[in-house]
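Coordinate inspection notes
So the chains spell out like this:
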Amino acid sequence: MVKLQKPEFVYMNGGLRSWNDAVLHIGCEAVTRGLSVFEGLKGYWGRDGCFRIVELRRHYERLQRSARLLHIPFDTSYDAYEGAIFQLAAALLGTERDMWFRTTLYVTEGHWGEGTAADLVVTAYHTEKEIPESIDIGVSTWRRSVDLALPARIKASTNYQVARLARIEGRPRGWSDMVLLNQEGRVAEATGACVLMVRDGTIYTPPATEGALESITLDLVESLASSLGVGFVRRPIDRTELLIADELALCGTLAEITLVRSVDGFTLPSNRITGAIQSKYFAIMRAEEAFGGVVLSAVHSTAATVREPISVSGSRG
Ligand SMILES: Cc1ncc(COP(=O)(O)O)c(C=O)c1O
């Protein structure tokens, strides 16, 4: 998890601002109705000294889709989006830590969908370079909302109220994350990541229609599994399957590949396959291993200005 930080700069209103100047008016819909959509992106330092951001274009496209579904105008071009992130990265990056970026479209003008205008704000936070430790998780009593109410497919900030409640619920029991079930009682996802379950040598994960975000990392895990000769199946998952699984892991841009030690007090017997996926994931992110299934864009941050991005590999798939 990213520790709470107050970085020196934020990208807002088309340029860099100081953290203290990055404020919204209390009257805007971003504040009164929590109306904003966002993306979380990760950048890694490679062993070759190059800093690369993962799947920039796919994050841009998902932000576009979230905005479209909530009738929020988003006319920023891909180049401008990328430029904003690179500009902030160049201002804040240090070589000793990686970065997580939050690109948020805050609704700053309008009322109930009339005269809506939004501002693209980019914030960036330092993250440690270590591979995440294995965690204990639980299954929450709180449920993922249905597609007809708060659709999981829209990455809206308001979707995370239930995630917050679930984390508060699990904290006294020492659970660092929680699985949210959908209204039918099947697995949807974790509070900020998708669920990977291994049974009999195959990885299973619920399809997005079970109430999970359409995850970019999950697509990468599918490619990694295929490269390792491991089966990968998207199908509904019952609650009890989690308890008798061979392995569990969470995956997402920020969660990366986090192995699960126990769920609801049930210890998972193995991490053979999820551990192999985790090792390969980090080898790729650290540019120790080339992989055609992910697009990484290089940022040159040692100068005050940013060099043209370099796509280090081909398209996904
Ligand atoms: C609720 C939720 N589910 C799943 C994910 C994983 O999505 P991605 O792999 O695109 O980061 C995230 C992370 O952004 C998330 O917040």
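This is a predicted model, so every value here is computed, not measured.

Helix and strand content of the chain: seven helices and 16 strands. Computed over C-alpha atoms, the radius of gyration of the chain comes to 19 Å, within 12% of the 20 Å expected from 2.2 N^0.38 for 317 residues, which places it in the range of a compact globule. Counting only C-alpha atoms and orienting by the principal axes, one finds that the chain spans roughly 50 × 45 × 35 Å. Out of the 317 residues in the chain, the part that is buried amounts to 43%. Pairs at least 24 apart in sequence give 66% of the contacts found in the chain among residues at least 6 apart.

Close to the ligand lie 13 residues, the nearest being S215, I216, T217, G252 and T253. If one sorts the elements of the shell around the ligand by residue count, helix 5 (residues 216-227) sits on top with three residues. Across the shell around the ligand, the residue classes break down as six nonpolar, six polar and one charged.

For the chain, the domain assignment lists domain 1 (9-130) and domain 2 (135-285). Here the C-alpha centroids of domain 1 and domain 2 sit 25 Å apart. Across the boundary between the two partners, domain 1 contributes 18 residues, which contact 10 residues of domain 2. Broken down by secondary-structure element, the contributors of at least two residues to the side of domain 1 that touches domain 2 are strand 3 (36-45) and helix 2 (56-69). Tallying contributions element by element places strand 3 first for the side of domain 1 that touches domain 2, with eight residues.

Here the focus is the packing of helix 5 against helix 7 (residues 272-285). At their nearest, the axes of helix 5 and helix 7 sit 10 Å apart, and the two run at 110° to each other. It follows that helix 5 is roughly perpendicular to helix 7 by the angle criterion. On helix 7, the residues touching V221, L224 and A225 of helix 5 are I277, K280 and Y281.

The subject of this paragraph is the pairing of strand 7 (residues 135-143). Regular strands place their side chains on alternate faces of the sheet. Pairing analysis gives three bridges linking strand 7 to strand 14 (residues 256-263), with the strands arranged parallel. Along strand 14, the bridge assignment pairs D136 with S262. Pairing of strand 7 with strand 8 (residues 177-181), which is carried by four bridges, proceeds in the parallel orientation. By the bridge assignment for strand 8, V139 is matched with V179. Handedness of the β-α-β unit built from strand 7, helix 4 (residues 160-170) and strand 8 comes out right-handed.

A few words now on the pairing of strand 9 (residues 187-190). Two elements, strand 8 and strand 9, share three bridges in a ladder whose sense is antiparallel. Bridge pairing links L181 to V187 in strand 9.

Attention shifts here to helix 5. The periodicity of an α-helix, 3.6 residues per turn, causes residues three or four positions apart to be oriented the same way. For helix 5, built from 12 residues, the straight-helix expectation of 16 Å at 1.5 Å per residue is met to within 8% by its first-to-last C-alpha distance of 17 Å. Residues of helix 5 that are buried: I216, T217, L218, L220, V221, L224 and A225. On the buried face of helix 5, the contacting elements are helix 2, strand 10 (194-199), strand 11 (202-205), strand 12 (231-234), strand 13 (247-252) and helix 7. Positive backbone phi, at 75°, marks G229, one or two positions downstream of helix 5.

Next up on the list: the confidence of the model for the chain. Mean pLDDT over the chain stands at 94; residues scoring 70 or higher make up 94%. At the level of individual helices and strands, the chain shows its lowest average pLDDT in strand 16 (residues 296-299), which scores 96, and its highest in strand 11, which scores 99.

Core analysis: the largest hydrophobic core is formed by 90 residues, its most contacted members being I85, L248 and C251. Broken down by element, this core gets its largest block of residues, eight residues, from helix 3 (residues 78-92). Counting contributing residues per domain, this core is built from domain 1 (9-130) and domain 2 (135-285), each supplying no fewer than three. Beyond its immediate stretch of four places on either side in the chain, I85 contacts L41, I53, F101, T103 and V122.

Now for unusual backbone geometry. One non-glycine residue, D264, adopts positive backbone phi at about 50°. The topology assignment puts D264 in the loop between strand 14 and strand 15 (266-267). When the 16 C-beta atoms within 10 Å are taken as the criterion, D264 is described as partly exposed. At A287, a residue that is not glycine, the phi angle is positive and equals roughly 55°.

Attention now goes to helix 3. Relative to the 21 Å expected for 15 residues at 1.5 Å per residue, helix 3 spans 21 Å between its end C-alpha atoms, a close match to the ideal helical length. Regarding helix 3, the residues found buried are Y81, E82, A84, I85, F86, L88, A89, A90 and L92.

Conventions we followed
- Residues numbered from 1 in each chain as written.
- Predicted model: local features only at pLDDT ≥ 70, side-chain atom pairs only at ≥ 80, totals over all residues.
- Helix = DSSP H or I, 4+ residues; strand = E, 2+ residues; numbered from the N terminus.
- Rg over C-alpha atoms; globule rule 2.2 N^0.38 Å.
- Buried ≥ 20, exposed ≤ 12 C-beta atoms within 10 Å, placed from the backbone.
- Contact = placed C-beta atoms within 7 Å.
- Near = placed C-beta within 6 Å.
- Nonpolar A, V, L, I, M, F, W, Y, C, P; charged D, E, K, R; others polar.
- Domains from an automatic or database assignment.
- Axes fitted to C-alpha atoms, helices over the stretch in contact; angles between N-to-C directions.
- Parallel < 35°, antiparallel > 145°, perpendicular 65-115°, else oblique.
- Pairing = 2+ DSSP bridges.
- Right-handed = clockwise from strand over helix to strand, strands pointing away.
- Expected span 1.5 Å × (residues − 1).
- pLDDT = per-residue confidence, 0-100.
- Core = buried A, V, L, I, M, F, W, Y, C linked by C-beta atoms within 7 Å.

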